[in-house]
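# Chains, contacts and geometry: an overview
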Amino acid sequence: VDTDQNQANVSLLAVSKKHSIDAIKHIYSLGQSAFGENYVQEGIDKIQALSELKIDWHFIGPIQSNKSKSVAEHFDWVHTIDREKIAVRLDQQRPRDKSPLNVLIQVNISQQESKSGVDLTEISALANSISRMDNLSLRGLMCIPAEQEIELLKHDFTKMQTAFQQLKSEYPTIDTLSMGMSGDLSTAIEYGSTLVRIG
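This is a predicted model, so every value here is computed, not measured.

As a further point, take the overall build of the protein chain. When you go through the protein chain residue by residue, the secondary structure sums to 8 helices and 8 strands. For 199 residues, the compact-globule estimate of 2.2 N^0.38 gives 16 Å, and the protein chain sits close to it at 16 Å. The principal-axis extents of the C-alpha atoms in the protein chain amount to approximately 45 × 35 × 30 Å. Buried positions account for 48% of the 199 residues belonging to the protein chain. Taking all contacts inside the protein chain whose residues are at least 6 apart in sequence as the whole, residues at least 24 apart take part in 55%. With the model as given, the accessible surface of the protein chain reaches about 10000 Å², and the carbon-plus-sulfur share is 47%.

Pasting the structure below:
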């Protein structure tokens, strides 16, 4: 695997949950423009306070149905689509004067009962459904693998990379594989991640 080649195509998502407005302004001033929030209200407060900055706001937490409207109205990206019902709500609730909401399908790659996400076998049906929604733009896949031995982690990342390439061959909008956080960052990049989430 050519890690150097891969690194040229990797973007950084700064996870800004529980960080202050001033901290975000400082990181933004250093050239970082994509920020991720896990909690809806905290994210909206920051989006409104920093509205003069050209920030791409990513929602990376689980979405409850009663919060979908707020997410659809304020964020640019959602990483955690794991069922059609939520996709339908976001599509219907996305303001028409905004560009389509960029969405990722969350995959439960390690098949953990405690984690959200679809099974690998469910990606195709959900992608097909999302691709028909005018106010959503299907951009790729996201995963949060289990903490595990490196060989098992590599196996999970390999499965994600394969699923991503398959999706990419079917839909022209697919360009984002969001996997890798502080602990498994280099391995994720080695296995094709295009977006790493760093707190």
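Take helix α7 (residues 150–170) next. Between its first and last C-alpha atoms α7 spans 30 Å; for 21 residues at 1.5 Å apiece the expected length is 30 Å, and the two agree. Among the structural elements, β5 (101–107), α6 (123–131), β6 (136–143), β7 (176–178) and α8 (185–190) are those in contact with the buried residues of α7.

Counting residues in hydrophobic clusters, the biggest one holds 46 residues, and the most contacted among them are Val 78, Ile 81, Leu 90, Ile 105, Ile 130 and Leu 141. Take this core: its biggest share by element is 6 residues, from α7. Dropping the residues within four chain positions of it, Ile 130 is found in contact with Ile 81, Ala 87, Val 103, Ile 105, Leu 136 and Leu 138. Core analysis: the second largest hydrophobic core is formed by 5 residues, Leu 13, Val 15, Ile 60 and Leu 195 among them.

This part is about the pattern of salt bridges. A complete count under the given rule lists 7 salt bridges for this structure. The partner of Lys 154 in a salt bridge is Glu 151, and the shortest N-O contact between them spans 4.0 Å. On the criterion of helical spacing, the pair formed by Lys 154 and Glu 151 is a turn pair, its members being 3 residues apart in helix α7. Classification of Lys 154 by relative accessible area gives partly exposed; the value is 22%.

Moving on to the packing of aromatic side chains. Tallying each qualifying case throughout the model produces 2 aromatic pairs. Between Phe 35 and Trp 57 the ring centres are 6.0 Å apart and the planes differ by 40°, which places this aromatic pair in the tilted class. Within this pair, whereas Phe 35 is found in strand β2 (residues 34–37), its partner Trp 57 is found in strand β3 (residues 56–59), the two being separated by 22 residues in sequence. With centroids separated by 5.3 Å and ring planes inclined at 70°, the aromatic side chains of Phe 59 and Phe 75 adopt a geometry described as edge-to-face. You can see Phe 59 sitting in strand β3 and its partner Phe 75 sitting in the loop between α4 (68–74) and β4 (77–81), a full 16 residues away along the chain. In this structure, Phe 59 and Phe 75 share a single accessibility class: buried.

Criteria and cut-off values
Residues numbered from 1 in each chain as written. Predicted model: local features only at pLDDT ≥ 70, side-chain atom pairs only at ≥ 80, totals over all residues. Heavy atoms only, no water. Helix = DSSP H or I, 4+ residues; strand = E, 2+ residues; numbered from the N terminus. Rg over C-alpha atoms; globule rule 2.2 N^0.38 Å. Buried < 20%, exposed > 50% of the residue type's maximum accessible area, 1.4 Å probe, protein only. Contact = heavy atoms within 4.5 Å. Areas by Shrake-Rupley, 256 points an atom, 1.4 Å probe, with all protein chains shown as cover. Expected span 1.5 Å × (residues − 1). Core = buried A, V, L, I, M, F, W, Y, C linked by side-chain atoms within 4.5 Å. Salt bridge = Lys/Arg side-chain N within 4 Å of Asp/Glu carboxyl O. Phe/Tyr/Trp six-rings, centres within 6.5 Å; stacked < 30°, edge-to-face > 60°.

Interpretation note: all reported values are geometric properties and have no functional meaning in isolation.
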